[in-house]
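# Summary of the model geometry
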Amino acid sequence: MFDYCLYFNTTALARVLEREWTKAFKPFGLTPAQAFMLRAVLANPGMLQSEVAATLAISRSTATRTLDGLQQMGLLRRVATERDGRESAIEPSAAGIALREQLDTASGEVSKRLKKELGQANFDETVSKVKKVRSVIS
């Protein structure tokens, strides 16, 4: 019935992928959203909160809630910027930094398995096409 429905097929895929990354990040007590946000901050310490939201293609309010959770866990901190007191730079804490390699490995293992199942070329092509569709309809 929905074989050619972009919405149905992408949300069904998103649910499957959500389960995969949930399993990968469960040992760290993190949701996929939290883990990807922490990984983004670890890769770019000092990003503004608005830049974190843009990097992850999420709303500012969603970013705020996820950042709040990570801050409560002691994995990152907000640092007031000198430019604008309303904006915060996001820095990983020592505890967050300590998780970097493990989070990257866990995520890499999921990607490695998916590449093996789909084939490298199909995996790369699918990611590329999804990114293009997302950018066109954003």
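Residues numbered from 1 in each chain as written. Predicted model: local features only at pLDDT ≥ 70, side-chain atom pairs only at ≥ 80, totals over all residues. Heavy atoms only, no water.

Counting buried residues along strand S3 (residues 88-92), four of its five residues qualify, which places the element largely inside the surrounding structure. Bridge count for strand S1 (residues 47-48) against S3 is two bridges, and the pairing is antiparallel. Along S3, the bridge assignment pairs Met-47 with Ile-90. Note that strand S2 (residues 76-80) and S3 share five bridges and pair antiparallel. Within the sheet, the bridge partner assigned to Leu-76 lies in S3 and is Pro-92. (Buried < 20%, exposed > 50% of the residue type's maximum accessible area, 1.4 Å probe, protein only. Helix = DSSP H or I, 4+ residues; strand = E, 2+ residues; numbered from the N terminus. Pairing = 2+ DSSP bridges.)

As a further point, take the sheet that holds S2. Taken in spatial order, the three strands make up an open sheet running S1-S3-S2, and their pairing is antiparallel. Among the strands making up the open sheet, the edge pair consists of S1 and S2.

Moving on: the side chain of Ser-111. Along the chain, Ser-111 turns up in helix H5 (residues 94-118). Other than its neighbours up to four places away in sequence, Ser-111 contacts Trp-21 and Phe-123. (Contact = heavy atoms within 4.5 Å.)

As a further point, take the confidence of the model for the protein. For the protein, per-residue confidence averages 94 on the pLDDT scale, and 99% of positions sit at 70 or higher. Mean pLDDT values for the elements of the protein range from 93 in S2 up to 98 in helix H2 (residues 32-43). (pLDDT = per-residue confidence, 0-100.)

A cluster of nonpolar residues, Met-1, Phe-2, Tyr-7 and Phe-8, forms a patch on the protein surface that exposes about 530 Å² of accessible area. Among the structural elements, Tyr-7 can be located in helix H1 (residues 6-25). (Patch = residues over 30% accessible without salt bridge, like charges linked within 9 Å, V, L, I, M, F, W, Y side chains within 5 Å. Areas by Shrake-Rupley, 256 points an atom, 1.4 Å probe, with all protein chains shown as cover. Salt bridge = Lys/Arg side-chain N within 4 Å of Asp/Glu carboxyl O.)

A separate point is unusual backbone geometry. With phi around 55°, Ala-57 is a residue other than glycine that occupies positive phi space. Along the chain, Ala-57 turns up in the loop between helix H3 (49-56) and helix H4 (60-72).

With respect to the helices, strands and loops of the structure, Glu-20 is situated in helix H1. According to the relative accessible area criterion, Glu-20 is buried, its value standing at 18%. If near-sequence neighbours (up to four positions away) are discounted, Glu-20 is found in contact with Val-110 and Arg-113.

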